[in-house]
Amino acid sequence: MSARRFAVALLASLAVLLALPALRSLREVSLTGAVLLAQLAIASAPRSAGDDAWRASLWSAGALLPAIGLAVGLDVARGVSVSRTLPFALAGWLVLVAWSFAASAVGSSTRARNVFAGLWLAALPGSAVLWAALAWAPRTSAEDHAPGAVLAGVNALVWLQRSTRAGGLAETEASAGAAPLLLALLVALAVWLVRRRHAARSLP
Amino acid sequence: MSVLASALVSLALLAQEENRLWFVEVEVRGPADRVVLDCGADGVTRAEGPFLAGEQRELRLPVPVKSPLGVDGLDALPLPRLEVEPPSAGDGRVLRWSAEQPAERVARLSAGLQPLVVAPASGTRPQAGLPELCVVALAGVVSWKLRARPALSLLLASAAAILAGWLASRRASPLTPVAVVLFDATRELALESRAARDEVALPVEGLGVEPPTAALELRVDASGRGVARSAGTLRAWRTLPRPSLSAGENAWRPLVETWVRAGAGDWDPRGPWPVGSPVPDVSVEGSDPPGWLAAVPVDGRGALLGRTADGEWVRGTGFGD
């Protein structure tokens, strides 16, 4: 993670922590979910060049931990139980590590970068927008599950957004983060494989 | 049908807040230092002993469970899990939900005191303070300096996260305890609602918590006296004899501010109302009563609002009729 991106992620986290409790309409928002949401949106975005993937992802996700810890503490002070908040924060942090790894795994391979950009678009903002659009679409049948429920289940942004609603942290299961985590790991694996193949072909 | 009606009354009347104080009967065989009633995510009750060796007692203890359908929904709930401490000593079991649930009395009384108002709580939420913000900022700088050594950076960041979280979890927004006494001139009992941060003294007859998902810890002795603790805002309810306030005499407590409304009229400020005297009959220059308390239905009945020197509020309907 570049200095600029790390600074942006840290400042966004602090802005969330300071601004949301002060806004009357947003003061019930779960801060843990909101901070993770901001960090994931910034840390997972495609980048131009990667460093050593594991070291970079471990460092970047680790460096953002204090802000997550602060958000967890504030949620606990507001009355959400520790047994709810901590597993959720841990699951969210693992998703952050996985996406950060996937973003770093592109290395200097242009093809890997393109593959990651496509998968990132589909797995995070694209499917989140599609889920939101489907949620707003008029329903023509009385089926139990809203259209796009599958998208909601695997999209990390949607999972975190659900937790940010008032009382959402108490209703959101940490285990629901398993599918987004698995998807992030699959994306990381795909990117890593493309990068390796590209590197092998580039050898003289 | 009666179950549904009772449940609706319970839901609607306990100040828009779910009651979190229900009673169970337990049997304890000593020796044990204390009894723990585990209610899962809802919270826990700790009843302090000691319970002596050979002693066998039946106790009636409060538990902080949620019962969305009120008293009639209790039978459908699993009984709390009982453990004795130390575990190798005595034993015990939860026998049943108590037949008498004080929250039911609160709900019935509140039916005649509409609109039910609750003691106001602070509008602010705990916010990050300077120490924990400094921890986060400092950890960010140190992490950046240590980016070549991610393992060490992760270790320090984890420690900083724990420290920041611990500092933040101790934050509480300021809240001055406020109490409101609601009464109707035609009823013998009044209802008191009291708001407090962190803990309230027990026994009370009803207990709500904001946010509703907050866990509660009840620490009581064998007689049910103790405290209820939560990281949220607690609201305690209890019934008490109707304040002796009539237009002819204040036989209750001195009021530093009084407002009177006759029938469909507006609130009329009457100033202080000392004990032993009739309600002042001359209007004075004064401020309007607080909006959260002044919303009493205009049904042709007289009404009274007052504030004591301690900051406690009183609202009476049917006053002066």
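Below, the structure is looked at part by part. (Residues numbered from 1 in each chain as written. Chains lettered and ligands numbered in written order. Predicted model: local features only at pLDDT ≥ 70, side-chain atom pairs only at ≥ 80, totals over all residues. Heavy atoms only, no water.)

### A few points about the layout of surface pockets
Piece 1. If you add up the space inside the largest pocket, you get close to 360 Å³.
Piece 2. The wall of the largest pocket is formed by 17 residues, among which G69, V72 and L86 of chain A together with A161 and I162 of chain B lie closest to the centre.
Piece 3. Those elements that place two or more of their residues in the lining of the largest pocket are α4 (65-77) and α5 (82-104) of chain A together with α4 (150-169) of chain B.
Piece 4. Classifying every residue of the lining of the largest pocket gives 12 nonpolar, 5 polar and no charged. (1 Å grid on protein atoms, 1.4 Å probe; cavity = no way out; pocket = protein on both sides within 12 Å on 5 of 7 lines; lining within 4 Å. Points joined across faces, edges and corners; volume = space filled by probe spheres on them. Helix = DSSP H or I, 4+ residues; strand = E, 2+ residues; numbered from the N terminus. Nonpolar A, V, L, I, M, F, W, Y, C, P; charged D, E, K, R; others polar.)

### Observations concerning the pattern of salt bridges
All names here are of chain B.
Piece 1. This structure, assessed with the given rule, holds 24 salt bridges over all chains.
Piece 2. Between R34 and E48 there is a salt bridge; the shortest N-O distance is 3.2 Å. Within this pair, whereas R34 is found in strand β2 (residues 32-38), its partner E48 is found in strand β3 (residues 43-51), the two being separated by 14 residues in sequence.
Piece 3. We classify R34 as partly exposed; its relative accessible area is 24%. (Salt bridge = Lys/Arg side-chain N within 4 Å of Asp/Glu carboxyl O. Buried < 20%, exposed > 50% of the residue type's maximum accessible area, 1.4 Å probe, protein only.)

### Side note on α4 of chain A
All names here are of chain A.
Piece 1. Its 13 residues place the ends of α4 18 Å apart at the C-alpha level, agreeing with the 18 Å of an ideal helix rising 1.5 Å per residue.
Piece 2. Within α4, 13 of the 13 residues are buried, which leaves it mostly tucked inside the rest of the structure.
Piece 3. G79, located one to two residues past α4, shows a positive phi value of around 115°. (Expected span 1.5 Å × (residues − 1).)

### Comments concerning the nonpolar core
Piece 1. The biggest cluster of nonpolar side chains holds 67 residues, and the ones touching the most others in it are L17, L40, I68, L70, W93, W99 and F116 of chain A.
Piece 2. Here this core takes 12 residues from α5 of chain A, the largest share from any one element.
Piece 3. Apart from the residues within four sequence positions on either side, F116 of chain A is in contact with S44, A45, P46, W99, A102, A103, V106, V187 and V191 of chain A.
Piece 4. Among the nonpolar cores identified, the runner-up in size contains 36 residues, and V71, V209, L218 and L234 of chain B belong to it. (Core = buried A, V, L, I, M, F, W, Y, C linked by side-chain atoms within 4.5 Å. Contact = heavy atoms within 4.5 Å.)

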